Amino acid sequence: MTDHKQQLQSQLWNIANVLRGNMGADEFRDYILGLIFYKYLSEKIELWADKQLKSDGIKFTDLIDHPEREDYLEGLQEESIGALGFFLKPHQLFSVLASRGGEHSYGHDTLIQDVEEAFRDIEQSVAGAESSDDFDGLFNEIDLYSSKLGKDKAQRAKLIGKVLINLNNIDFQLENTKIDVLGDAYEYLISQFASGAGKKAGEFYTPQEVSSILSKIVTTGKDKLESVYDPTCGSGSLLLRVAKEVEKVGMFYGQEMNPTTYNLARMNMILHDVSYRYFDIKQNDTLEKPEHKNIKFDAIVANPPFSAKWSSDSLKMDDERFGQYGKLAPQSKADYAFVTHMLHHLSDSGTMALVLPHGALFRGAAEGHIRKHILEECNWVDAVIGLPSNIFFGTSIPTCIMVFKKNRSYDDAVLFIDASNEYEKQKNQNYLKSEHI
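Residues numbered from 1 in each chain as written. Predicted model: local features only at pLDDT ≥ 70, side-chain atom pairs only at ≥ 80, totals over all residues. Heavy atoms only, no water.

A. Structural view of the packing of aromatic side chains. Evaluated as defined, the whole model comprises 9 aromatic pairs. On the basis of an interplanar angle of 75° and a centroid distance of 6.3 Å, the ring pair of Phe60 and Phe87 is categorised as edge-to-face. You can see Phe60 sitting in the loop between α2 (25-53) and α3 (70-83) and its partner Phe87 sitting in the loop between α3 and α4 (94-101), a full 27 residues away along the chain. Three or more aromatic residues link up through ring pairs in this structure, and these residues are Phe37, Tyr38, Phe94, Phe119 and Phe139. Over the ring of Phe172 we find Lys39, and its NZ or CZ is 4.6 Å from the ring centre. (Phe/Tyr/Trp six-rings, centres within 6.5 Å; stacked < 30°, edge-to-face > 60°. Helix = DSSP H or I, 4+ residues; strand = E, 2+ residues; numbered from the N terminus. Lys NZ or Arg CZ within 6 Å of the ring centre and 35° of its normal.)

Dropping the structure here:
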């Protein structure tokens, strides 16, 4: 399995580089991850539909250009919306369009139009359905007519056709439900794009080793979680990492401000075979427009943007997320706005772990006031872990993990761990090995 996993990662990365051209890592990332996702949805529905049609002795692709079998399509569409959350017509399957991509030396006149139509129909198939929020606008950020893919229509069709053909030759092994090789490969690609995206990487990805620490902390002593929440969820990788530490997560909740990253998070969930029924990810500014009001969570994990700006106006004192602490986080540093937002959503028996810049431990003024209130009046600080510097993409500043619990006794000590020297140096980036974790 490890060999296949590594082979798949290498294959997908090589195909991604076909798209690179003059684009930045964050740009060709969206194209390749979107096309991989499209292939996944195609294979998912084809496998499912073939099972439904098996008793009739036909396959899903046998319904292409057969109007006399229209009743089969209508029945499959209705059932698939409930079972899978979406529908795709057989002539729009990835494999079908990939086979057409090779015509005329990748220059099929309508190839891009056909792929765009498939994207649009996937989204339209869920209109009014329970899954509509999870599929709506998923492909909005993928512009197949962009000049970055080629100076004219023929060049763009040639490039997309080449990518489709290469991807079509890869076996995602979706029939094997016991392994998640594709999900792991998707995570690998996201991490590779993050390493090349500079400062933008922090918007969508937390290094896997840090994700592992946060996930292990919030799941310690637990086999199952009713819910896990990430208010700045990026690509959703941290939420999915938590699921690896327990037998079951009942519901995943997340919020993400960046529309492109929000789409990536939803794709990531679906591609990891999390049913649309079991995740609720919204797009909006968490501090200004929280989407999960009045919900308490068993586990909360986050890597909020370090020292981001926020409104910090006096009206926020009337917001129950912030008002009880007596002061607001400064406008130039929203770190404790995120902390108190998350504490508001933490259940009485839950655990919360988030990454913060090291300055959040000692900065004074309003931040010192809030920190003292959380520590002395509420007794919610459970542990503080000082991390090594230069382990996050796009910044070399030292960081820390703060752990919070609401069910602490006042006799409980706060655990401080100095892990600042627990790292391995690799080129220009420090990283954590398993023994450090």
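B. Inspection of the nonpolar core at higher detail. Within the largest apolar cluster, 107 residues are counted, with the highest numbers of intra-cluster contacts made by Ile32, Ile36, Tyr38, Phe60, Phe139 and Ile401. With 14 residues, the single largest contributor to this core is α2. For Phe139, the contacting residues outside a window of four places in its chain are Gly34, Phe37, Tyr38, Leu41, Phe119, Ile122, Glu123 and Met267. (Core = buried A, V, L, I, M, F, W, Y, C linked by side-chain atoms within 4.5 Å. Buried < 20%, exposed > 50% of the residue type's maximum accessible area, 1.4 Å probe, protein only. Contact = heavy atoms within 4.5 Å.)

C. Just helix α12 (residues 335-345), in detail. The buried fraction of α12 amounts to 11 of the 11 residues, a majority that puts the element mostly inside the structure. The complete set of buried residues in α12 reads Asp335, Tyr336, Ala337, Phe338, Val339, Thr340, His341, Met342, Leu343, His344 and His345. The inward-facing, buried residues of α12 abut β1 (224-230), β4 (297-302), β5 (346-357), α13 (365-378) and β7 (399-405).

D. Summary view of the sheet that holds β4. Pairing is mixed across the open sheet formed by 8 strands, whose spatial order is β3-β2-β1-β4-β5-β7-β6-β8. The two strands at the open ends of the sheet, each matched to only one other strand, are β3 (279-283) and β8 (415-418). Here the average twist between neighbouring strands, direction ignored, is 10°. Where strand β2 (residues 248-256) meets β3, 5 bridges bridge the pair, whose relative direction is parallel. (Pairing = 2+ DSSP bridges. Axes fitted to C-alpha atoms, helices over the stretch in contact; angles between N-to-C directions.)

E. Region of interest: the environment of Glu424. Mapped onto the elements of the fold, Glu424 is located in strand β9 (residues 424-426). Under the relative-accessibility criterion, Glu424 is labelled partly exposed at 32%. Separated by 12 residues in sequence, Glu424 and His436 place their C-alpha atoms 9.0 Å apart. Residue contacts for Glu424: discarding those within four places in its chain leaves Gln429, Asn430, Tyr431, Lys433 and His436.

F. Up close: the packing of α12 against α13. Across the interface, α12 lies against α13 with an axial gap of 10 Å and an inter-helix angle of 25°. Taken together, the axes of α12 and α13 are roughly parallel relative to one another. Two packed elements cross with a definite hand, and for α12 against α13 that hand is left-handed. For the pair α12 and α13, contact is made by Asp335, Tyr336, Val339, Thr340 and Leu343 and by Glu367, Ile370, Arg371 and Ile374, respectively. (Parallel < 35°, antiparallel > 145°, perpendicular 65-115°, else oblique. Left-handed = near helix turned anticlockwise from the far one by under 90°.)

G. Inspection of the environment of Leu264 at higher detail. Following the sequence through the fold, Leu264 ends up in helix α11 (residues 259-271). Under the relative-accessibility criterion, Leu264 is labelled buried at 4%. Expressed as a C-alpha distance, the spacing of Leu264 and Gly128, which sit 136 residues apart in the sequence, is 22 Å. If we ignore the near neighbours within four places in the chain, the residues touching Leu264 are Arg29, Leu33, Tyr186, Ile190 and Ser235.

H. Broad picture of empty space enclosed by the protein. Per the counting criterion, the structure on display carries 2 cavities of 30 Å³ or more. Quantified by volume, the largest cavity comes out at close to 80 Å³. Contributing to the lining of the largest cavity are Asp30, Leu33, Gly34, Leu138, Glu141, Ile142, Thr260, Asn263, Leu264 and Met267. Sorting the residues of the lining of the largest cavity by element identifies α2 and α11 as the ones contributing at least two each. Here the lining of the largest cavity gets 4 residues from one element, more than from any other, and that element is α11. Looking at the lining of the largest cavity residue by residue, the class counts come to 5 nonpolar, 3 polar and 2 charged. When its volume is computed, the second largest cavity comes out at roughly 30 Å³. If you trace the second largest cavity, you find it lined by Trp310, Phe322, Tyr325, Lys327, Leu328, Ala329, Tyr336, Ala337, Thr340 and Ile370. Examining the composition of the lining of the second largest cavity, we find that 3 residues originate from one element, α12, more than from any other. (1 Å grid on protein atoms, 1.4 Å probe; cavity = no way out; pocket = protein on both sides within 12 Å on 5 of 7 lines; lining within 4 Å. Points joined across faces, edges and corners; volume = space filled by probe spheres on them. Nonpolar A, V, L, I, M, F, W, Y, C, P; charged D, E, K, R; others polar.)

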